[in-house]
Amino acid sequence: MNDSTKRHATLAAVALVAALAGACGSGPGHRVPPSADEPARRADDDRTVYLGLIERMQREGAYYASLAHIDAFRQRHGDPPRLRLMQADALRGTGQADAARQIYETLTGGAYAAAAWHGLGLIAVAGGQPARAEQALARATELAPLNADYLGDLGYQRLRAGRLADARTPLAMAAELSPANPRAIANLALWSLLQGDTRRAETLMQGAKLPDASRQAVYRLASELRPAVRHAQRADASTGGASPPPLAASAAGIAAPPPMLERFRPSPSAGDGLLDER
């Protein structure tokens, strides 16, 4: 082999080595090709972020805006159960109870069953159907026994019906499960007022540092609910019913941090009539 041939062979070998090095990722300009799973992961991330945005809108009371975004999400990403639950919540929040009920009913057998039963219960409360409200809210607490909001709403509905004895346990459970929840503290104080225990109610509200407006709302609700309580007590007396025992002394020690308490206020929604935290 002459010198020219050797030189060409050497150059070819160098070029081949360089090409192989680049293909194996050892060269400085190497770029890892994108994984086939990367677009799917990005799509999942987009869906999660978008659903979180819609949930935040609803927490802030922007139900109409959330409905528009729910439609947009469905066009891009489909119609998962979580989205349908948010749609039902938004429809309920905008006074479209019948449409909300239809969606909730499709979700009572799946992963969002507890939330669906809770929504059905709130619709029944707003519609003046105490028996249906009791059934749906009780079912929600059976499926999600640690959810303080569901327990509180069940207890409050029982207060509305004048059933102090039955309201005591879910309200006390809600307050102990979520001691930083001003709604739970306020509902328990309301129960105490309806029991005639103003001192304990004041101890609860002062210990939790509820704002004056919230405390006044609790007293106003107590005045509104007393006729139902008296009616239920007369009915109990005629059938030999007993009054509930007093709360344990430890309940008076429940307190909540001021940052959360400042956000406590009566719910402006005409839908469920429950004390709410925004």
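To be clear, the structure that these remarks concern was listed above.
Since this is a predicted model, take the numbers as computed values, not measurements.

Novice: I'm lost on the nonpolar core in this one. Help?
Specialist: Generally speaking, nonpolar side chains in soluble globular proteins are found buried as a group. Grouped together as the largest cluster of nonpolar side chains are 29 residues, with contacts concentrated most on Leu-159, Leu-190, Leu-194 and Val-218. Looking at this core, the elements with two or more residues in it are helix 8 (148–160), helix 9 (164–177), helix 10 (182–194), helix 11 (198–207) and helix 12 (212–239). For this core, the element with the highest residue contribution is helix 10, accounting for nine residues. Excluding its chain neighbours within four sequence positions, the residues that come into contact with Leu-159 are Leu-164, Ala-167, Leu-171, Asn-187, Leu-190, Trp-191, Leu-194, Leu-225 and Val-229. By size, the runner-up hydrophobic cluster in this structure holds 26 residues, among which are Ala-88, Ala-90, Ala-115 and Tyr-150.

Novice: Before we go on, may I ask you to explain the pattern of salt bridges in this structure?
Specialist: Think of it this way: side chains of opposite charge can pair up when their charged atoms draw near. A complete count under the given rule lists 14 salt bridges for this structure. The closest approach of N and O atoms between Glu-202 and Arg-215, which form a salt bridge, is 2.7 Å. One end of the pair, Glu-202, is in helix 11; the other, Arg-215, is in helix 12, and 13 residues separate them in sequence. The class for Glu-202 is buried, based on a relative accessible area of 17%.

Novice: Hey, could you run me through the packing of helix 6 (residues 113–126) against helix 7 (residues 130–143) in this one?
Specialist: The description of two packed helices rests on the angle between their axes and on the distance between the axes. At a minimum axis distance of 8 Å, the contact between helix 6 and helix 7 shows a crossing angle of 160 degrees. When the interaxial angle is binned, helix 6 and helix 7 end up roughly antiparallel. Relative to helix 7, the crossing made by helix 6 is left-handed. Contact residues: helix 6 offers Ala-113, Ala-114, Trp-117, His-118, Leu-120, Gly-121, Leu-122, Ala-124 and Val-125, while helix 7 offers Arg-132, Ala-133, Ala-136, Leu-137, Arg-139, Ala-140 and Leu-143. Looking at side-chain class alone, the contact of helix 6 with helix 7 contains twelve nonpolar, two polar and two charged residues.

Novice: I'm lost on helix 10 in this one. Help?
Specialist: Three- or four-residue spacings in an α-helix give side chains the same orientation, since the helix completes a turn every 3.6 residues. Here helix 10 contains 13 residues, and its C-alpha end-to-end distance of 18 Å stays within 8% of the 18 Å for a straight helix at 1.5 Å per residue. When you tally the buried positions in helix 10, you get 13 out of 13 residues, the bulk of the element. In the stretch just after helix 10, Gly-196 is the one whose phi turns positive, near 90 degrees.

Novice: Quick question: what am I supposed to make of the packing of helix 7 against helix 8 here?
Specialist: One way to put it is that helix 7 packs onto helix 8 with a least axis distance of 9 Å and a crossing angle of 155 degrees. The pairing of helix 7 with helix 8 is recorded here as roughly antiparallel in orientation. Pair helix 7 / helix 8 crosses with left-handed handedness. Of the residues in helix 8, those touching helix 7 at Pro-130, Ala-133, Glu-134, Leu-137, Ala-138, Ala-140 and Thr-141 are Tyr-150, Leu-151, Asp-153, Leu-154, Gln-157 and Arg-158. For the contact of helix 7 with helix 8, a count of residues per class yields eight nonpolar, two polar and three charged.

Novice: What am I meant to see in unusual backbone geometry here?
Specialist: Comment: phi is negative for the bulk of residues other than glycine, and the bulk of peptide bonds are trans. Positive phi values are uncommon outside glycine, yet Lys-209 reaches one of about 55 degrees. Among the structural elements, Lys-209 can be located in the loop between helix 11 and helix 12.

What counts, and where the lines are drawn
- Residues numbered from 1 in each chain as written.
- Predicted model: local features only at pLDDT ≥ 70, side-chain atom pairs only at ≥ 80, totals over all residues.
- Heavy atoms only, no water.
- Core = buried A, V, L, I, M, F, W, Y, C linked by side-chain atoms within 4.5 Å.
- Buried < 20%, exposed > 50% of the residue type's maximum accessible area, 1.4 Å probe, protein only.
- Helix = DSSP H or I, 4+ residues; strand = E, 2+ residues; numbered from the N terminus.
- Contact = heavy atoms within 4.5 Å.
- Salt bridge = Lys/Arg side-chain N within 4 Å of Asp/Glu carboxyl O.
- Axes fitted to C-alpha atoms, helices over the stretch in contact; angles between N-to-C directions.
- Parallel < 35°, antiparallel > 145°, perpendicular 65-115°, else oblique.
- Left-handed = near helix turned anticlockwise from the far one by under 90°.
- Nonpolar A, V, L, I, M, F, W, Y, C, P; charged D, E, K, R; others polar.
- Expected span 1.5 Å × (residues − 1).

So far we have only geometry, and geometry alone does not tell us how the molecule works.
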